Amino acid sequence: MINKKLTQLPQSATIGLADRVRRLMASGKEIINLTTGDPNFPTPKPIVRAAYEAIKAGQTHYADSRGLPELRRALAEKILTRNGAEYSLEDEIFVACGGVHALYCGLQAILNVGDEVLVCDPAWMTYANMINVLRAVPIRVPARPENNFLPTLADWNKSLSARTVALIINSPANPTGAVIQKDYLNKLNRLARENHLWVVSDEVYEDIIYDRREHICFASLQRAKDHTLLINSFSKTYAMTGWRVGYLAAPKQVIDNALKASQNSVTNIPPFIQKAAVVALKDSEVKRSTRQMIQEYAKRRRMVIRLWKRDRETPLRLFEPQGAFYFFIDFRNLGLSSFQIAERLLDEVGVALVPGAAFGKQGEGFLRMTIAAAPQDIERGFKKILGWSKKFL
Ligand code: PLP
């Protein structure tokens with residue numbers, strides 16, 4: 001016998017596409033790859049130095065499975081001062097192997113077989129996959145473009161059943177760039193309270209936000225903390241995707257369970273990585289580097305918007321992302337599926353994007369383009385896309 005849930009889990013269609021991109025690149029064809037969710041910046045130097053020093057100092061053994069107290073203290077301070085929520089470093093914070101692992105342990109901590117979890121459509125594909133792996137049931141809630149890619153309150157309500165135990169939000173959002181405003185979050189909080197739901201709030205893009213918008217941490221809302229699982233990561237803000245460090249902040253009962261999930265799988269996060277994470281949170285040179293990275297994303301975002309506005313003929317529509325580092329481009333006027341468009345863009349102009357249907361049914365007709373790639377690639381790639389789109393006029 002074999003695990004049927006995993007066998008049945010569809011292998012992501014985007015992996016097939018990514019394989020094709022790699023094959024084409026290996027064969028010498030020039031491909032502009034605008035698919036990645038990985039910052040094209042190096043990890044700031046003080047962070048790298050701190051890891052190196054920690055390794056030299058022998059921080060290379062098993063460590064506290066909740067995370068080093070020093071890092072949990074720095075996180076508690078950060079969540080208090082930056083996010084406006086107070087968590088105890090003793091039993092409400094857990095250091096995980098990236099945001100993915102924080103999410104996995106958090107969901108494992110709250111879900112039982114057959115429980116339903118509300119997930120926006122479109123959304124990062126890992127949510128629904130993970131819920132399935134845990135033998136619970138993802139219920140997709142339409143987040144339509146005309147509503148700024150957010151479900152209406154009526155849509156959330158319609159998706160509830162006696163089995164619903166949680167809902168997941170992600171602001172700023174991958175793939176749409178939507179940032180959720182405070183009044184909407186308050187309404188969602190009321191809905192969660194009235195229906196005794198957990199709110200899993202994925203805030204990994206909290207720092208990548210444009211036009212002076214404000215990121216609101218869900219746990220900072222009134223009477224929200226006791227039913228919130230705050231998921232965050234060092235990956236995006238600090239260009240630390242390969243380091244695999246993130247965290248979960250949640251009520252003690254959730255952390256207690258999440259810890260068991262982690263102790264029985266990864267044991268602990270490497271201590272030298274955690275030492276570097278403390279420096280990421282505290283160092284002033286790192287703060288300068290992250291500010292520069294965010295300014296650079298904002299510059300690239302403006303460039304894409306400018307190129308699109310200047311082109312008066314393209315049938316493509318652009319939604320300006322309010323946060324994160326993706327454009328979710330509207331190709332619906334072309335009358336093709338997002339996978340067909342992704343294949344044709346690859347074959348005909350050598351540009352790789354992620355098909356929107358990979359993020360859910362509502363993503364059909366859209367494709368995700370990253371701005372976490374080199375600016376010259378973004379410019380050349382987007383110009384090619386605009387030129388190609390005119391075949392359909
Ligand atoms: N959440 C969202 C919305 C993401 O896009 C990602 C990565 O792409 C993650 C969480 C997890 O990132 P990591 O596991 O690198 O922290």
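Residues numbered from 1 in each chain as written. Predicted model: local features only at pLDDT ≥ 70, side-chain atom pairs only at ≥ 80, totals over all residues. Heavy atoms only, no water.

### Looking at the overall build of the chain
We count it as follows: Helical segments are the DSSP runs of H or I of at least four residues, strand segments are the runs of E of at least two, and each set is numbered from the N terminus. Contacts are assigned to residue pairs with any non-hydrogen atoms lying within 4.5 Å of each other. Each accessible area is a Shrake-Rupley estimate made with a 1.4 Å probe; only the visible protein chains count as cover when residues are assessed. Note on charges: Lys and Arg go in the positive column, Asp and Glu in the negative column, and His and the chain ends are not counted at all. Charge placement uses NZ in Lys and CZ in Arg. For Asp and Glu, CG and CD serve respectively.
The helix and strand tally for the chain stands at 13 helices and 12 strands. If you line up the chain on its principal axes, its C-alpha atoms span 60 × 55 × 50 Å. Counting contacts in the chain only where the partners sit at least 6 residues apart, residues at least 24 apart contribute 74% of the total. When the accessible area of the chain is evaluated, it comes to approximately 17,300 Å², of which 49% is carbon and sulfur surface. Each charge class in the chain was averaged separately, 54 positive and 39 negative side chains, and the resulting centres sit 2 Å apart.

### Structural notes on helix H5 (residues 98-110)
Quick reminder of the rule: Expected helix span is given by 1.5 Å per residue-to-residue step, counting one fewer step than there are residues. Each residue gets one of three labels from its accessible area relative to the maximum for its type: buried under 20%, exposed over 50%, partly exposed in between, using a 1.4 Å probe on protein chains only.
With 13 residues, H5 should cover 18 Å at 1.5 Å per step; its first-to-last C-alpha distance of 19 Å lies within 8% of that length. Buried residues dominate H5, accounting for 10 of its 13 residues. Within H5 the residues assigned to the buried category are Gly98, Gly99, His101, Ala102, Leu103, Cys105, Gly106, Leu107, Ala109 and Ile110.

### Some thoughts on helix H8 (residues 182-194)
Spacing of three or four residues puts side chains on the same side of an α-helix, whose turn is 3.6 residues. The condition that has to hold: Think of it as the arc spanned by the lines of direction from the helix axis to the C-beta atoms.
The first and last C-alpha atoms of H8 sit 18 Å apart over 13 residues, in line with the 18 Å expected at 1.5 Å per residue. Residues Tyr184, Leu185, Leu188, Asn189, Leu191 and Ala192 constitute the buried set of H8. On an axial view of H8, the arc spanned by its buried residues comes to 160 degrees, and they lie on one face. For H8, the elements touching its buried residues are helix H7 (153-159), strand S5 (164-170) and strand S6 (198-202). One or two steps after H8, the chain reaches His196, where phi turns positive at roughly 55 degrees.

### Points about the layout of surface pockets
Applied cut-off: A 1.4 Å probe that fits into a set of points on a 1 Å grid over the protein atoms alone but cannot get out defines a cavity; an open set with protein on both sides within 12 Å along at least five of seven lines defines a pocket, and lining residues are those with an atom within 4 Å of a point. Grid points are joined across faces, edges and corners, and a volume is the space filled by probe spheres set on the points. All amino acids are sorted into three groups, where Ala, Val, Leu, Ile, Met, Phe, Trp, Tyr, Cys and Pro are nonpolar, Asp, Glu, Lys and Arg are charged, and the leftover types, Gly among them, are polar.
When its volume is computed, the largest pocket comes out at roughly 860 Å³. Contributing to the lining of the largest pocket are 35 residues, with Thr35, Thr36, Gly37, Trp124 and Arg368 lying nearest its centre. Where the lining of the largest pocket is concerned, the elements lending two or more residues are helix H2 (13-26), H5, strand S7 (228-233) and strand S11 (354-355). If you tally residues by element for the lining of the largest pocket, the top one is H2, at 6 residues. For the lining of the largest pocket, a count of residues per class yields 17 nonpolar, 12 polar and 6 charged. Contributing to the lining of the second largest pocket are 23 residues, with Arg82, Asp207, Thr237, Tyr238 and Lys287 lying nearest its centre. Of all the secondary structure elements, the ones that give two or more residues to the lining of the second largest pocket are helix H4 (69-83), S7, helix H10 (271-282) and helix H11 (284-310). Per-element accounting of the lining of the second largest pocket gives the leading share, 5 residues, to H4. Split by residue class, the lining of the second largest pocket holds 8 nonpolar, 6 polar and 9 charged.

### Considering the site of the ligand
Stated formally: What makes a residue near a molecule or strand is one non-hydrogen atom of that residue sitting within 4 Å of it. Here a polar contact means two N or O atoms within 3.5 Å. Within protein one must be a hydrogen donor candidate and the other an acceptor candidate, and residues neighboring in sequence count only if both atoms are side-chain atoms. Here the criterion for a molecule occupying a pocket or cavity is that more than half of its atoms lie within 2 Å of the pocket grid points.
Around the ligand there are 14 residues in total, and Gly99, Asp202, Ser233, Ser235 and Arg244 lie nearest to it. Between the ligand and the protein, one listed contact pairs an oxygen atom with a backbone N or O atom of Gly99 at 2.6 Å. In the model, an oxygen atom of the ligand is placed 2.6 Å from a nitrogen or oxygen of the Ser235 side chain. Contact with the protein chains hides 91% of the accessible area of the ligand, taken as 400 Å² for the molecule alone. Given that more than half its atoms are within 2 Å of the pocket grid, the ligand belongs to the largest pocket.

### Comments concerning the sheet that holds strand S3 (residues 116-121)
Where we set the bar: Being paired, for any two strands, means DSSP has found at least two bridges between them. Helix axes are fitted only over the stretch in contact, all axes being lines through C-alpha atoms; the angle between N-to-C directions runs from 0 to 180 degrees.
Pairing is mixed in the open sheet, where 7 strands are placed in the order S2-S8-S7-S6-S5-S3-S4. Edge strands, defined here as strands with exactly one partner in the open sheet, are strand S2 (93-96) and strand S4 (137-142). Going across the sheet, the axis of each strand differs from the next one's by a mean of 20 degrees, ignoring polarity. Pairing analysis gives 4 bridges linking S6 to S7, with the strands arranged parallel. Bridge pairing in S7 links Val199 to Thr228. Strand contacts of helix H6 (residues 126-133): S3, S4, S5 and S6, with the helix running at about 155 degrees to S4, the strand carrying the most contacts. Of the strands in this sheet, S2, S6, S7 and strand S8 (246-249) are in contact with helix H9 (residues 252-263), which crosses S2 at around 25 degrees.

### Observations concerning the packing of H10 against H11
Just so we agree on the cut-off: Angle categories are assigned with fixed cut-offs, so that under 35 degrees is roughly parallel, over 145 is roughly antiparallel, 65 to 115 is roughly perpendicular, and the rest are oblique.
Contact geometry for H10 and H11: axes closest at 6 Å, N-to-C directions at 70 degrees. Of the possible angle classes, the one that applies to H10 and H11 is roughly perpendicular. Residue-level contacts link Val279, Ala280, Leu281 and Lys282 of H10 to Ser284, Val286 and Lys287 of H11. Looking at the contact of H10 with H11 residue by residue, the classes come out as 4 nonpolar, 1 polar and 2 charged.

### Observations regarding the pairing of S4
In plain terms, the rule: Crossover handedness is defined here as right-handed if the route from the first strand over the helix to the second strand goes clockwise, with the strands pointing away from the viewer.
Of the pairings in the sheet, the one linking S3 to S4 comprises 6 bridges and is parallel in character. When the sheet's bridge partners are listed, Cys120 is paired in S4 with Val141. This β-α-β element, S3 to H6 to S4, shows right-handed connectivity.

### Some words on empty space enclosed by the protein
Scanning the entire structure with this criterion turns up 2 cavities of 30 Å³ or more. If you add up the space inside the largest cavity, you get close to 150 Å³. In this structure, the largest cavity is lined by 17 residues; those nearest its centre are Cys120, Pro122, Ala123, Asn170 and Ala173. Listing elements by their share of the lining of the largest cavity, those giving two or more residues are S3 and S5. If one sorts the elements of the lining of the largest cavity by residue count, S5 sits on top with 3 residues. Along the lines of polarity and charge, the residues of the lining of the largest cavity split into 14 nonpolar, 3 polar and no charged. Reported here for the second largest cavity is a volume of approximately 40 Å³. If you trace the second largest cavity, you find it lined by Ile169, Ser171, Leu185, Ser201, Glu203 and Ile216. Class assignment of the residues belonging to the lining of the second largest cavity gives a composition of 3 nonpolar, 2 polar and 1 charged.

As far as function goes, none of this settles anything; it's purely spatial.
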